[in-house]
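One letter stands for each residue in the lines below.
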There are 2 protein chains.
Amino acid sequence: MIAAQLFQPDALELQEFLREQLLEPGRWLQIGGEMEVVYVGRAASTADAGDYLLMLKPDRTLQIHAAKGIKPLNWQPQVDSLELLEDDGRVVLVAERARPQEIVRVAFLETAFALALTARDEGGLVLHGSEAEMQRSLAAHPELIEVGLELLDVELPVGVGGVDLYARDQHGRIVVVELKRGRATHEAVHQLERYVNRIRDTVADEVRGILAAPEVTAPARTRLEELGLEFCEVTALPELDDERDAQPGLFAGRDEDDHSAR
Amino acid sequence: MIAAQLFQPDALELQEFLREQLLEPGRWLQIGGEMEVVYVGRAASTADAGDYLLMLKPDRTLQIHAAKGIKPLNWQPQVDSLELLEDDGRVVLVAERARPQEIVRVAFLETAFALALTARDEGGLVLHGSEAEMQRSLAAHPELIEVGLELLDVELPVGVGGVDLYARDQHGRIVVVELKRGRATHEAVHQLERYVNRIRDTVADEVRGILAAPEVTAPARTRLEELGLEFCEVTALPELDDERDAQPGLFAGRDEDDHSAR
DNA sequence: GTTTCGATATCGGTT
DNA sequence: AACCGATGTCGAAAC
C-alpha cells in the first residue's frame, strides 16, 4: 500500500516528492504538518498556520483535516487542475476546480510526513435502512401502512418532485404517502401538504395524506393534525435485538422485493 | 507531530500499538491497510475487505475513508466508548456512540502503516460568504435590496423558524425577505411563501415577499411569479476580480457591521 | 434536550 | 447541464 514515504522533509525534498507522485496515476497522498490554507470559491476562508493533514485521493478529491470534527477544514470535491508552486521558500499546492470556479491553496510550512499510497479498488459498501429501501419494502407490503391499501404508483410525478407512495384505500379514496427514514419534521409535513393539495386540485376531491416515519417531531405532529393529515409509524431498519417480530415481514422479502422493484 | 509509527505490523504489534496509543490523550491516529467495516445504528452497512484509511482524531471523532469521495465510507461523529478486541487472530476496533445508539466495527486484516500524531491547537478558520454574513451586510444596508427599505427586525420568529429580514418599504408595506447564499430553489420559495402567509394572517393584509439570492432556478422563479412574490439579486461574496464596483458597498463596511450586529 | 436551519453541504438519479 | 431530493447528513444556534 505504501509507494513512497518521507519524514521531516525540507521544502526541496517535499517538492521533489510531490512533483514525482502527482504524476503517478492512482496515488493516494497524505501529508501531515504545519500548513496555511486559503479557499476562494462559492465562499472564501483562511486558516491560520496549524497542524493539519492533507489527503488527496486517487479520484482527485482533496480534503484538509484539522484535529477536530468529522468534516474537513477545507476541501475540494473535484480537483480539475493541480499546480505545484514555490512561494518564499515554501512549497505551495494549488487545487482548482472549474465549475464552480474554486481554488484551495495550501502552503506547507513544516512537514512531518508525506505518504504516497496505492489502494486496490474498494469492496462495495452495502447500506441498509435508506429511504429507498424503505420505499421498496412498503411498496411490496402496503398493508404495513394500512390494511386494504392498494398501491397505484411510486414516485408519481406531481408538479415538482414525486409522491413517494401513491395508493387507494379500501374505501376507494386516494392516499398520498410521504416517507422519512428518520424523525419527520415540519418540512416533511409541508412536502406532504403540497402533494395532497396538488392531487386534490387535479385528480380527486377527497385525498388522504399519510406521513410514514419512525418518529415525528411535536410541531410536525401538531401541524399534521391542523391539516387533517395522518401519521403512521414505520421503521427503516428491522429491530436489532430480539424484537424482530414487532414489525413482522417488513424486511422479510427484501431480496425478492429488490428484484421485483427493478 | 509524529509520536509513534509502525509499518507492516502483524496483529500483535498493531494491538500493542493501539493499546498504548488509545490511552494517550490527544492522539491523532491514522491507520492504513486492508480492513472490513461494519456499521449498525440509524442505518446499517457492511464494507467488504478493501484498502481503507482509518482516522481517529483527538476529539474522538472517527472516520474511515475509501479511495473515493470527500465523504468517508463510515464514520462516527462522537465516539463515547472505544473497545479493542481480537477476533480470529485479527485486531478489531469497536467505536460506540450512545445517542443515537450506533456502532462502527473495524477489523484489520492487513495493516500497511499506523501513525500516532500530536497536533497543536489549530489556528482559527475565518469564513466569508456565509448566509449569516450576507444577513448582517444587508441588515446594515437594506437599500441594496430596495431603495427606501427600512429594516424592522432580523430572524423575526414566526411560527416555525424565523424571517431572515423583516422590513417596511417606502409605501409602508411590510416586506418579508428570505435569503439564500447560493442558487435559490423552490424550497426557498416555499419557505418565503410560508412566512408571507403567516405575516399576512397575523399582522398586515398587504405583505410583500422578496427572495434575495445570487441566482434562482427556473422552476423556482416560475413559482415565485405565480405567488406574486419577488426576486432580488444579491451576491454573497464581493467579486473576486476587478469588478468589485459591481456591487458597491455590499461588504464595504463589513467589519463595522460585524460589531454593530453583536 | 429538542427543534430548526444553514452548508463551500456531498452525492446520486433523472430530465 | 440543470434540477431535485436524500443523507447514518453534520454542526451550531435558539428555545
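For clarity, every value in this text was computed on a predicted model and none was experimentally measured.

Another point: the overall build of chain A. Regarding its fold elements, chain A presents 5 helices and 16 strands. Taken over the C-alpha trace, chain A has a radius of gyration of 26 Å; the compact-globule value for 262 residues is 18 Å, which it surpasses by more than 25%. Buried positions account for 46% of the 262 residues belonging to chain A. Nonlocal contacts in chain A, meaning residues at least 24 apart in sequence, comprise 51% of its contacts between residues at least 6 apart. When the accessible surface of chain A is summed, it comes to about 12,600 Å², and 47% of that surface belongs to carbon and sulfur atoms. Where the 27 positive side-chain charges of chain A centre and where its 49 negative ones centre are 3 Å apart.

Right, let's get into the interface of chain B and chain A. Between chain B and chain A, the contact holds 64 residues from the first and 65 residues from the second. When the two sides are added together, the surface that chain B and chain A hide from each other amounts to roughly 5,300 Å², 61% of it contributed by carbon and sulfur. Seen at the junction of chain B and chain A, the total is 6 salt bridges. A salt bridge links Arg-120 of chain A to Glu-34 of chain B; the nearest nitrogen and oxygen atoms lie 3.4 Å apart. Where chain B touches chain A, the interface holds 27 residue pairs in polar contact (both at pLDDT 80 or more). Elements with a minimum of two residues in the side of chain B that touches chain A: strand E1 (2-7), strand E2 (28-40), strand E3 (44-56), strand E4 (62-65), strand E5 (74-76), strand E8 (102-117), strand E9 (125-128) and helix H3 (186-202) of chain B. The biggest single contributor to the side of chain B that touches chain A is E3 of chain B, with 11 residues.

With that settled, consider a negative patch on the surface. Among the surface-exposed residues, Asp-10, Glu-13, Glu-16, Glu-20 and Glu-24 of chain A lie close enough to one another that they form a single negatively charged patch. On the secondary structure map, Glu-20 of chain A appears in helix H1 (residues 11-21).

Turning our attention to the relation of the copies chain B and chain A. Turning chain B through 180 degrees and shifting it by 0.0 Å along the axis lays it on chain A, with an RMSD of 0.2 Å. Taken together, the turn and the small shift mark the pair as related by a two-fold rotation axis. Taking the C-alpha atom as reference, chain B places Lys-71 of chain B closest to the rotation axis, 4.0 Å from it. Interface overlap between copies is the fraction of interface residues in one copy that are interface residues in the other; for chain B against chain A it reaches 100%, indicating a shared surface.

Let us now look at the protein's contact with DNA strand C. In the vicinity of DNA strand C lie 28 residues, with Arg-42, Trp-75, Arg-183 and His-186 of chain A together with Arg-99 of chain B positioned nearest. Expressed as a percentage, the sugar and phosphate content of the atoms of DNA strand C within 4 Å of the protein is 82%. In the environment of DNA strand C, a phosphate oxygen lies 3.2 Å from a nitrogen or oxygen atom belonging to the backbone of Ala-218 of chain A. Contact distances for DNA strand C include 2.7 Å between a phosphate oxygen and a backbone N or O atom of Glu-131 of chain B. With 3 residues, the top contributor of residues to the surface near DNA strand C is H3 of chain B. Of the residues assigned to the surface near DNA strand C, the class counts are 11 nonpolar, 7 polar and 10 charged.

Here we take up the pattern of salt bridges. Counted under the stated rule, the structure contains 31 salt bridges over all chains. Ionic pairing is found between Arg-168 of chain A and Glu-150 of chain A, a salt bridge with its closest N-O pair at 3.6 Å. Here the residue Arg-168 of chain A occupies a position in strand E11 (residues 162-168), and Glu-150 of chain A occupies one in strand E10 (residues 150-157), the gap between them amounting to 18 residues. Accessibility expressed as a relative area gives 42% for Glu-150 of chain A, which makes it partly exposed. For Arg-194 of chain A, the salt bridge is made with Glu-187 of chain B, and the minimal N-O distance between the two is 3.5 Å.

This brings us to the protein's contact with DNA strand D. Taken together, 28 residues sit near DNA strand D, with Glu-131 and Arg-181 of chain A together with Trp-75, Arg-183 and His-186 of chain B positioned nearest. Close to the protein, within 4 Å, the atoms of DNA strand D are drawn from sugar and phosphate at a rate of 79%. Contact between DNA strand D and Trp-75 of chain B: a base nitrogen at 2.3 Å from a main-chain N or O atom of the residue. Here Ala-218 of chain B contributes a backbone N or O atom positioned 3.2 Å from a phosphate oxygen of DNA strand D. Only E5 and helix H4 (218-226) of chain B provide two or more residues apiece to the surface near DNA strand D. Among the residues forming the surface near DNA strand D, the class breakdown is 10 nonpolar, 7 polar and 11 charged.

Calculation notes
Residues numbered from 1 in each chain as written. Chains lettered and ligands numbered in written order. Predicted model: local features only at pLDDT ≥ 70, side-chain atom pairs only at ≥ 80, totals over all residues. Heavy atoms only, no water. Helix = DSSP H or I, 4+ residues; strand = E, 2+ residues; numbered from the N terminus. Rg over C-alpha atoms; globule rule 2.2 N^0.38 Å. Buried < 20%, exposed > 50% of the residue type's maximum accessible area, 1.4 Å probe, protein only. Contact = heavy atoms within 4.5 Å. Areas by Shrake-Rupley, 256 points an atom, 1.4 Å probe, with all protein chains shown as cover. Lys, Arg positive; Asp, Glu negative; His and termini not counted. Charge placed at Lys NZ, Arg CZ, Asp CG, Glu CD. Buried area = accessible area lost by both parts, 1.4 Å probe. Salt bridge = Lys/Arg side-chain N within 4 Å of Asp/Glu carboxyl O. Polar contact = N/O pair within 3.5 Å; in protein donor to acceptor, adjacent residues only side chain to side chain. Patch = residues over 30% accessible without salt bridge, like charges linked within 9 Å, V, L, I, M, F, W, Y side chains within 5 Å. Least-squares fit on C-alpha atoms with pLDDT ≥ 70 in both. Near = heavy atom within 4 Å. Nonpolar A, V, L, I, M, F, W, Y, C, P; charged D, E, K, R; others polar.

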